[in-house]
Amino acid sequence: MDCVEFEVLLFDELDRALASADVERMQAHLLACANCRGLYSLVRSGDQQDVTDLPHDFAAGVAASTSGRPCERAQLLLAASEDDASDDDWLVARHLENCPDCSAVAGALARLQLELPALAEADPGEDFVPSVMAATFGVRSGPAGLQESGPRRFIQQLIRRPRIALEGAYAIASSVLVVVSLTSPSFSELPARAAEDTWRFVADTAGTVGEGISELNAVTLTVADQVAESASANVVEFGANVSSSARELTRTVWDELVTPNLEEVRSLWNEKVSGAVEPDTSNPANR
Amino acid sequence: LDLENLLKRCRQGDGLAWEALVRRFQGRVYGIARYYLSDREEARDVAQEAFVRIYSKLERFDSGSNFTAWILRITRNCAIDRLRQMRARPQIDASQGDEYIAGVPAPRFGLDTAAGEQHQLVYRALELMSAANREMILLKEIHGLKQHEIAEILSLPLGTVKARTNRARHELARRILELDPTYGTS
C-alpha cells in the first residue's frame, strides 16, 4: 500500500467500512510510514474531540435552524398532567440538562404543585356556620328533625325567591283593588244586573226560535199545497197527506219538545237566580 | 366520622351531622365563592346559598361520586347566578358584571388574609392569566378535581380539558417566573 491509497481508505476506516484485509494492510503501512502515522493521528483526534469544547447552545442552535426550538414542546410536556404520562420524559430530562429556561419552568411547576392546594380554602368567619344552619332550617322535605312542612315551608321558600319584593307589591296592589271594587255600589249591584240581562237574552232567544219554527211550518204547508194543486188526484191525495203530516209533525215538535223545555228553562232559571229577577211574562215566547 | 356516614346522617335529618358537614366544607365553599366574587359579603351570601342548595339536594347526591366536585359545581353555579343578578343590577357593581361577560373574574380572595399574603406572588400571577386558564388552575390544581370531573362541570370535551389544563399550568409557570425569576429555584 502506498501513501495515496492510504489517504483514500483513511475515512472509510474511520467509518469502520473497510474489510479486515484492507485494515491489516493500512496498519502495516502505518508501521512503515511516519507521514501517514501523523496524518492518521491527527484525523482520529479530531473525530474523538470532546463535545464540551462546543458552545453551550450548539444543539439548540442546530435545532432552531432545522426543526425549530424544542423548548415550547419541552415545557408543554413538563406541564402535562400526571394523568398524561409520556414516553418522552427521558427526552425532556436530557433537554433540561442543557436548557436553563426550561429548567426554571420545571422548578416553578414543581413548587406550584406544592403551593396551589393550600389556596383551596378561605375563612368565612366564625358566624358563618350559625347563619347556614339558620338558612337551611326548614328547607328540605326529606328527613325529620330539621324539616318543616306545609304552609310554613312554602312561605320560607317563597321568602327566598329573589323577586319576592316585586311579587309582594303586585299581590298587595291586587288586594287593594279587589277590596275597593267590592265595596263600591256599582260592584255590589252587579249580580242582579247580570241576572236580568242574561234572562232577557234567554227569553229573546227562545222567542226567536219559536218564530223560526212557525215560519218553517208555514213554508212546509205552502209547498205541500202548491204540490197538491198542480198534481193529479193521486198526487193530490198524497200531497194532502204530506201536508197533514207536516202539520202534525210541526205541532208535535212544538208541543212536546219546545214548550215543555221552555217551561223547564224558566223554572230552572227561577231556581238559580232565586228571585233576583222576575221573568218577563209579557213576552209571548215565555208563556 | 367519615364522609359517607356523615352524609347518611345528614339525609336522616341529623342537625349535628349537618353542622359538622358545613364546618368541614365551609372553607372550600367560601374559597370558591371568593374566587368568583371580589366582595366578601357577596361571597358569604353565595356560600350560604350554596349550602342551602347542597342541603336541599343531599338526597340526590350519588354516594359513588366525588362530593368535593359536587359541591364545587353547586357553588360555581350559585356564583354565576349571583353574577347574572349583578349584571341586572349594574348600580351595585357594574365591573363584576363585565367580568362575568368576559369570563371568570380575577381571584382576590386571599389578599385580605394572613395566609393570602404568603401566597401573594401566586395570586398576582393568577390575576395575569386568561380567565379560562385560571379556572382550570382553580379546579385542577387548587381543588384537585379529575379531568373528567372538570369536563362535566364546565360541559367541555375531555380532550379540551386536558389540553387546557396543560396550557394553564404552563401559563401560570411563565407568569410567575416573569414576576420572580427565582421562583422554584430554592
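Along each chain, numbering runs from 1 in the same order as the chain's sequence is written. Written order determines the labels here, with chains lettered from A and ligands numbered from 1. This being a predicted model, a pLDDT of at least 70 is required before a residue's local features are given, and a value of 80 or more before pairs of side-chain atoms are given or counted; all residues contribute to the totals for chains, interfaces and linings. Only hydrogens and water are set aside when side-chain values are computed; all heavy atoms of the structure are taken into account.

**Student:** A description of helix α8 (residues 131-142) of chain B should follow, citing residues and the corresponding values.
**Tutor:** In an α-helix, one turn spans 3.6 residues, which is why side chains three or four residues apart end up on the same side. All names here are of chain B. Burial classification: accessible surface area is computed with a 1.4 Å probe over protein chains only, and a residue below 20% of its type maximum counts as buried, one above 50% as exposed, and the rest as partly exposed. Numbering of helices and strands runs from the N terminus; a helix is a DSSP stretch of H or I covering at least four residues, while a strand is a stretch of E covering at least two. Counting buried positions along α8 yields 11 of 12 residues, so the element is predominantly enclosed. Along α8, the residues classified as buried are A131, N133, R134, E135, M136, I137, L138, L139, K140, E141 and I142. Backbone geometry just after α8 places G144 at a positive phi near 70 degrees.

**Student:** For the interface of chain B and chain A, give the residues involved together with the corresponding values.
**Tutor:** Contacts between chain B and chain A engage 47 residues on the former and 41 residues on the latter. Around 4,100 Å² of area is buried between chain B and chain A when both sides are counted, 65% of it from carbon and sulfur atoms. In short, buried area is how much 1.4 Å probe accessible area vanishes from two parts on joining, totalled over both. When the buried surface of chain B facing chain A is broken down by residue, B:R44, B:Y55 and B:Y183 rank first, second and third, together holding 16% of it. Basic side-chain nitrogens of Lys or Arg form a salt bridge, by our definition, when they fall within 4 Å of a carboxyl oxygen of Asp or Glu. Across the contact surface, chain B and chain A share one salt bridge. Residue B:R44 pairs with A:D127 through a salt bridge whose shortest N-O separation is 3.1 Å. Pairs of N or O atoms are called polar contacts if they sit within 3.5 Å, as long as, within protein, a hydrogen donor faces a hydrogen acceptor (for residues adjacent in sequence, only side-chain-to-side-chain pairs). At the boundary of chain B and chain A, one finds nine residue pairs in polar contact (both at pLDDT 80 or more). By the convention used here, residues are in contact when the closest approach between their heavy atoms is within 4.5 Å.

**Student:** Please provide a residue-by-residue account of a nonpolar patch on the surface, values included.
**Tutor:** Only residues above 30% relative accessible area that lack a salt bridge enter a patch, with like-charged residues linked at up to 9 Å and the nonpolar side chains Val, Leu, Ile, Met, Phe, Trp and Tyr linked at up to 5 Å. Note that accessible areas follow from Shrake-Rupley with a 1.4 Å probe, and for residues the cover is restricted to the protein chains shown. A cluster of nonpolar side chains, contributed by A:I172, A:V176 and A:V180, occupies part of the molecular surface with about 290 Å² of accessible area. Mapped onto the secondary structure, A:I172 falls in helix α10 (residues 164-183).

**Student:** Describe the pattern of salt bridges, and please don't skip the residues or the numbers.
**Tutor:** Enumeration over the complete set of coordinates arrives at 17 salt bridges over all chains. Its salt-bridge partner being A:D22, residue A:R25 comes within 3.1 Å of it at the nearest N-O pair. Of the two residues, A:R25 and A:D22 both sit in helix α2 (residues 20-32), three residues apart, roughly one turn of that helix. A residue is classified by how much of its surface remains accessible, and A:D22, at 22% relative accessible area, is partly exposed. With a closest N to O distance of 3.2 Å, B:R84 and B:D81 form a salt bridge. Placement of the pair is B:R84 and B:D81 together in helix α4 (residues 67-88), with a separation of three residues, close to one helical turn. On the basis of relative accessible area, B:D81 is assigned to the partly exposed category, the value being 25%. Salt bridges sharing common partners tie together B:E49, B:R53, B:D81 and B:R84.

Everything listed here is a matter of coordinates, which is why it stays silent on function.
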